[in-house]
Amino acid sequence: TVYPEGTRVRRNTHQVADIKRNIVFAAASNDSQIIPVAYAGLSIETAGEGLERLKISRDKRSRFGIGPRLVFAFGDPLRFGPLPDLEIGSSGNPTAESKQELRAESKRRAQVIKASLQELLDLAVDRRGSTQEFQY
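Residues numbered from 1 in each chain as written. Predicted model: local features only at pLDDT ≥ 70, side-chain atom pairs only at ≥ 80, totals over all residues. Heavy atoms only, no water.

### Concerning unusual backbone geometry
Of note, the phi angle at D31 is positive, near 50°, even though the residue is not glycine. Note on placement: D31 falls in the loop between α1 (22–30) and β1 (37–40). Look at D31 and you get partly exposed, because its relative accessible area is 43%. (Helix = DSSP H or I, 4+ residues; strand = E, 2+ residues; numbered from the N terminus. Buried < 20%, exposed > 50% of the residue type's maximum accessible area, 1.4 Å probe, protein only.)

Okay, here's the thing in structure tokens:
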């Protein structure tokens, strides 16, 4: 399991943060699928800065031990294939153009992952907040 945002704690629990591109490189180097998963019901947000920074649990359990309903949403697997190879220039170093192409492709893939996660998070939050009962 990898948290592609780099953390579970963030300022806005209903907004997916920028995706760290390390997950893109890890998946590409192993030809792995990425299975997007989002959940609602364990929200922890941060407030303040520096020494005044606090973690605030948004979904607390009741006094009777009955907790908030935890809702997961699973997306379709994503598989992007290998990243573009770096071309080596006459100096023996990767060319600036190939580095730029690699950065652009990894950023594009991170944006696709983020959009998928945001869609799933919206679905999980919506389902968790609905009055509809679910069968487990």
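### Let's talk about the side chain of S106
When you line up the elements, S106 lands in helix α2 (residues 96–129). Discounting chain neighbours no more than four positions away, the residues touching S106 are R21, V24, F25 and L83. (Contact = heavy atoms within 4.5 Å.)

### Description of the nonpolar core
One broad trend across soluble globular proteins is that nonpolar side chains are buried collectively. Among the nonpolar cores identified, the biggest contains 20 residues, and I19, I23, V24, I34 and I113 are the most heavily contacted of them. Discounting residues that sit within four places of it in the chain, I34 has contacts with I23, A27, D76, P77, L78, F80 and I113. (Core = buried A, V, L, I, M, F, W, Y, C linked by side-chain atoms within 4.5 Å.)

### Points about empty space enclosed by the protein
For the structure shown, the criterion picks out one cavity of 30 Å³ or more. Taken as a whole, the largest cavity spans an internal volume of roughly 60 Å³. Taken together, V24, A27, A28, D31, S32, I34, L78, R79, F80, G81, R109 and I113 form the lining of the largest cavity. Where the lining of the largest cavity is concerned, the elements lending two or more residues are α1 and α2. The class makeup of the residues in the lining of the largest cavity is seven nonpolar, two polar and three charged. (1 Å grid on protein atoms, 1.4 Å probe; cavity = no way out; pocket = protein on both sides within 12 Å on 5 of 7 lines; lining within 4 Å. Points joined across faces, edges and corners; volume = space filled by probe spheres on them. Nonpolar A, V, L, I, M, F, W, Y, C, P; charged D, E, K, R; others polar.)

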